[in-house]
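Here is how the chains run, residue by residue.
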Amino acid sequence: MKALHLFCLELGRLFQSRLTWLVILLTVLSPLAGLVLYKPTAADTMLSMYLADPALAGGVLGGLFFALLTLCDCARTSRCRVEVLCDAAVSPLTAALARLMALLGTAALTLALTLLTWLPWTAHTVGAVFDGGDYLLAYLILMGLALPLCILLAGAAWQFTRRFDLSLVLV
């Protein structure tokens, strides 16, 4: 019960941060890099150019953005020099669980916003070969798995090192 209450508080605090909204915006716009800069697929089909490339770019860039957000959020208490007070008030494991769950919830919301933002453009650009199932699977597999994995990787790196610079190098 305490972890659920802390999760709600942490989620509310996270959505009040400008950095969180910047990361959400950049992640929603990150599939644009797959149209211009990052083209990992070798085929020149409509689905690879306008579905797979943006989804892959969104996964790579969104994962990096959320890893940085995770590290900044984990370093917040030590940066503000209230780490000892927070650890005395709430168990560090419970606080880390609530923080990671809030970040994963933010990633899920960002993925939903990205899906809704890019759906009309992808359907219009791909044309007759567009399939909603393929669209959903491409973004869920290529981008939807990258965000939580990068959050968990950054959180694990922070738990091991408790330093921003070393965690950033590990990520």
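From a predicted model like this one, the values you see are computed outputs, not experimental measurements. Here the residue numbering is sequential within each chain, running from 1 through the sequence in written order. Since the coordinates come from a predicted model, pLDDT governs what is reported: local features require at least 70, and pairs of side-chain atoms require 80 or more to be given and counted, while whole-chain, interface and lining totals use all residues. Excluding hydrogens and water, the side-chain figures rest on all heavy atoms present in the structure.

**Student:** Would you take a moment to explain the environment of Ala138 for this structure?
**Tutor:** With respect to the helices and strands, Ala138 occurs in helix α8 (residues 132-142). Considering only alpha carbons, one finds Ala138 and Leu100, 38 residues apart in sequence, at a separation of 25 Å. In this view, Ala138 contacts Leu51, Ala55 and Met143; residues no more than four positions away in its chain are not counted. Helix numbers and strand numbers start at the N terminus; a helix is a DSSP run of H or I with at least 4 residues, a strand a run of E with at least 2. In what follows, residue pairs with any heavy atoms lying within 4.5 Å of each other are defined as contacts.

**Student:** Please explain the nonpolar core as it appears in this structure.
**Tutor:** Proteins that are soluble and globular tend to have nonpolar side chains buried together. By size, the foremost hydrophobic cluster in this structure holds ten residues: Leu35, Leu51, Ala55, Leu111, Leu115, Trp118, Tyr135, Ala138, Tyr139 and Met143. Mapped by element, the contributors of at least two residues to this core are α4 (46-74), α7 (92-126) and α8. Beyond its immediate chain neighbours, meaning those up to four positions away, Leu111 contacts Tyr139, Leu140, Met143 and Gly144. With nine residues, the next largest nonpolar core counts Leu14, Leu69, Ala107 and Leu147 among its residues. The set of buried Ala, Val, Leu, Ile, Met, Phe, Trp, Tyr and Cys residues whose side-chain atoms join them within 4.5 Å is what this entry labels a nonpolar core. Relative accessibility thresholds used throughout: buried, under 20% of the residue-type maximum; exposed, over 50%; partly exposed, between the two (1.4 Å probe, protein chains only).

**Student:** It is not clear to me how the environment of Ala146 should be interpreted in this structure. Could you clarify?
**Tutor:** As for its placement among the helices and strands, Ala146 is situated in helix α9 (residues 146-161). As for Ala146 and Arg13, which are separated by 133 residues in sequence, their C-alpha atoms are 24 Å apart. Beyond its immediate stretch of four places on either side in the chain, Ala146 contacts Gly59 and Gly63.

**Student:** What exactly am I supposed to notice about the packing of aromatic side chains here?
**Tutor:** How two aromatic rings sit relative to each other is given by the distance of their centres and the angle of their planes. Pairing of aromatic rings covers Phe, Tyr and the six-membered ring of Trp, with a centre-to-centre limit of 6.5 Å; geometry is then stacked below 30 degrees between planes, edge-to-face above 60, and tilted otherwise. Overall, the coordinates contain four aromatic pairs when judged by the stated rule. Between Trp118 and Trp121, the ring centres sit 5.7 Å apart and the planes meet at 90 degrees, which makes this aromatic pair edge-to-face. Highlighted residues: Trp118 and Trp121, both in helix α7, separated by three residues, approximately one helical turn. Of the residues examined, Trp121 reaches a relative accessible area of 32% and is grouped as partly exposed. Consider the rings of Phe130 and Tyr135, whose centres lie 5.9 Å apart with planes at 55 degrees: the pair is tilted. What makes Phe130 partly exposed here is its relative accessible area of 23%. Assessed through its relative accessible area of 4%, Tyr135 is described here as buried.

**Student:** It is not clear to me how the confidence of the model for the chain should be interpreted in this structure. Could you clarify?
**Tutor:** Segments scoring low in pLDDT should not have their predicted coordinates read at a detailed level. Per residue, pLDDT captures the predictor's confidence, and it can take any value from 0 to 100. A residue-level look at the chain finds 92% of positions with pLDDT of 70 or above and a mean pLDDT of 85. The element-level mean pLDDT for the chain is lowest in helix α6 (residues 83-89), coming to 60, with helix α2 (residues 18-29) highest at 95.

**Student:** In this structure, what is going on with α8? I would like to understand it.
**Tutor:** Since the α-helix packs 3.6 residues into each turn, any two residues three or four apart lie on the same face. Within α8 the residues assigned to the buried category are Tyr135, Ala138 and Tyr139. Projected onto a plane normal to the axis of α8, the buried residues spread over an arc of 85 degrees and lie on a single side. Buried residues in α8 make contact with α3 (31-36), α4 and α7. The arc under discussion is defined with respect to the helix axis, by the directions toward the C-beta atoms.

**Student:** Hey, could you run me through α9 in this one?
**Tutor:** A helix is expected to span 1.5 Å multiplied by its residue count minus one. For α9, with 16 residues, the first-to-last C-alpha span of 22 Å sits near the 22 Å given by 1.5 Å per residue. Of the positions making up α9, those classed as buried are Ala146, Leu147, Ile151, Ala154, Gly155, Ala157 and Trp158. Buried residues along α9 cover an arc of 160 degrees about the axis, so they all sit on one side. Projecting away from the buried face of α9 at angles above 90 degrees are the exposed residues Leu149 and Phe160. Phi for Arg162, located one or two positions after α9, is positive at around 60 degrees.

**Student:** Where do I start with the packing of α2 against α4 in this structure?
**Tutor:** Relative orientation and spacing of two packed helices are given, respectively, by the angle between their axes and the distance between those axes. Think of each axis as a best-fit line through the C-alpha atoms, taken over the contacting stretch in the case of a helix, with angles from 0 to 180 degrees between the N-to-C directions. At a minimum axis separation of 9 Å, α2 and α4 run at an interaxial angle of 170 degrees. Classified by the interaxial angle, the pair formed by α2 and α4 is roughly antiparallel. Along the contact surface, α2 presents Leu19, Thr20, Val23, Leu26 and Thr27, while α4 presents Gly62, Phe65, Phe66, Leu69 and Cys72. Residues belonging to the contact of α2 with α4 are distributed by class as follows: seven nonpolar, three polar and no charged. When an angle is under 35 degrees it counts as roughly parallel; over 145 it counts as roughly antiparallel; between 65 and 115 it counts as roughly perpendicular; any other value is oblique. Gly is put with the polar residues, along with every residue not named as nonpolar or charged; the nonpolar set is Ala, Val, Leu, Ile, Met, Phe, Trp, Tyr, Cys and Pro, and the charged set is Asp, Glu, Lys and Arg.

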